[in-house]
Amino acid sequence: MTTIKAGDLIASVADSLQFISYYHPLDFVHAVHNAWQREESPAAKDALAQILVNSRMCAEGHRPICQDTGIVTVFISIGMDVRWDEAGMGVADMINEGVRRAYTHPDNVLRPSIMADPAGTRKNTGDNTPAVIHMEVVPGDKVEVLLAAMGGGS
């Protein structure tokens, strides 16, 4: 039986959201660079170059490329043989605590966009919680977490 500490899940969610806010996948960077190499239009070539420069600046400065860091969507598969240690809270609460820590991190505060009551007063939660969580229990002794911070243009 695998034991997962609540603090480890919380920290993993927070660290992952910070990471994806400023690092682009290598395949994306290569695809933009390849497009830049093939592009014939000076204006389009300049736009692609600016995307590459901005991507590098984000990675070096640990700042998001876009101020819309999105709605956090989490897909979590929890093995039936997993045991939670030091939890004191449910899995959704642990995930939302990770989101809260990521979006209020003092070195890279991310812009929250979640409304506490979207049909009413439309007050921002201030920490981008709650996340949209898709949770399933599966055979095994592992936990797999996939995160996406999906902005309005996603």
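Located above this text is the structure these notes cover.
Report follows, based on the coordinates. (Residues numbered from 1 in each chain as written. Predicted model: local features only at pLDDT ≥ 70, side-chain atom pairs only at ≥ 80, totals over all residues. Heavy atoms only, no water.)

Section: the packing of helix H2 (residues 26-38) against helix H3 (residues 42-61)
Selection criterion: Between N-to-C directions, angles span 0 to 180 degrees; the directions come from axes that are lines fitted to C-alpha atoms, helices contributing only their stretch in contact. Every helix listed is a DSSP run of H or I at least four residues long, and every strand listed is a run of E at least two residues long, numbered separately from the N terminus. Angles below 35 degrees are treated as roughly parallel, those above 145 as roughly antiparallel, those between 65 and 115 as roughly perpendicular, and all remaining angles as oblique. Working rule for handedness: look at the near helix, and if it is turned counterclockwise from the far one by less than a right angle, call the crossing left-handed; if clockwise, right-handed. Only heavy atoms enter the contact rule, under which two residues are in contact if any of them lie within 4.5 Å.
Viewed as axis vectors pointing N to C, H2 and H3 meet at an angle of 155°, and their least axial separation amounts to 9 Å. What the angle tells us is that H2 and H3 run roughly antiparallel. As for how H2 packs across H3, the hand of that crossing is left-handed. Residues Phe28, Val29, Val32, His33, Ala35, Trp36 and Gln37 of H2 touch H3, and the partners they reach there are Lys45, Leu48, Ala49, Ile51, Leu52 and Ser55.

Thoughts on the side chain of Ser55
Going by this rule: Any residue under 20% of the maximum accessible area for its type is buried, any over 50% is exposed, and the rest in between are partly exposed; the area is computed with a 1.4 Å probe on protein chains only.
Within the element layout of this structure, Ser55 appears in helix H3. When its relative accessible area of 8% is taken as the criterion, Ser55 is described as buried.

Notes on the sheet that holds strand E2 (residues 71-79)
The following threshold applies: Pairing between strands requires that DSSP locate at least two bridges from one strand to the other.
An order of E4-E2-E5 is seen for the three strands of this open sheet, with the pairing classed as mixed. Each edge of the open sheet is held by one strand with a lone partner, namely strand E4 (132-138) and strand E5 (143-150). Pairs of neighbouring strands in the sheet enclose a mean axial angle of 10°, with direction left out of account. Both E2 and E4 contribute to a ladder of seven bridges, which runs parallel. For Ile76, the partnering residue across the bridge sits in E4 and is Met135. Contacting E2 and E5, helix H1 (residues 6-22) crosses the sheet at an angle of about 35° to E5.

Quick notes on the pattern of salt bridges
Using the following cut-off: Within this document, salt bridges are pairs made up of a side-chain nitrogen of Lys or Arg and a carboxyl oxygen of Asp or Glu, the two lying within 4 Å of each other.
For the coordinates displayed, the defined rule picks out six salt bridges. Among the ionic pairs, Arg100 bridges to Asp127, the shortest N-O distance being 2.8 Å. In this pair, Arg100 sits in helix H4 (residues 91-103) while Asp127 sits in the loop between H4 and E4, placing the two residues 27 residues apart along the sequence. By relative accessible area, which is 30% here, Arg100 ends up partly exposed. The shortest N-O distance in the salt bridge between Lys142 and Asp141 comes to 3.5 Å. For Lys142, a relative accessible area of 62% gives the class exposed. Classification of Asp141 by relative accessible area gives partly exposed; the value is 30%. If you follow the salt bridges from partner to partner, you end up with Glu97, Arg100, Arg101 and Asp127 in one network.

Some words on the packing of H1 against H4
Two quantities define a packed helix pair, namely the angle between the axes and the distance from one axis to the other. With their axes 7 Å apart at the nearest point, H1 and H4 run at an angle of 40° to one another. If you check the angle between H1 and H4, you find them oblique. Handedness of the H1/H4 crossing: right-handed. Residues Ala6, Leu9, Ile10, Val13, Ala14, Leu17 and Gln18 of H1 touch H4, and the partners they reach there are Val91, Met94, Ile95, Glu97, Gly98, Val99, Arg101, Ala102 and Tyr103.

Keep in mind these numbers describe shape, not what the thing actually does.
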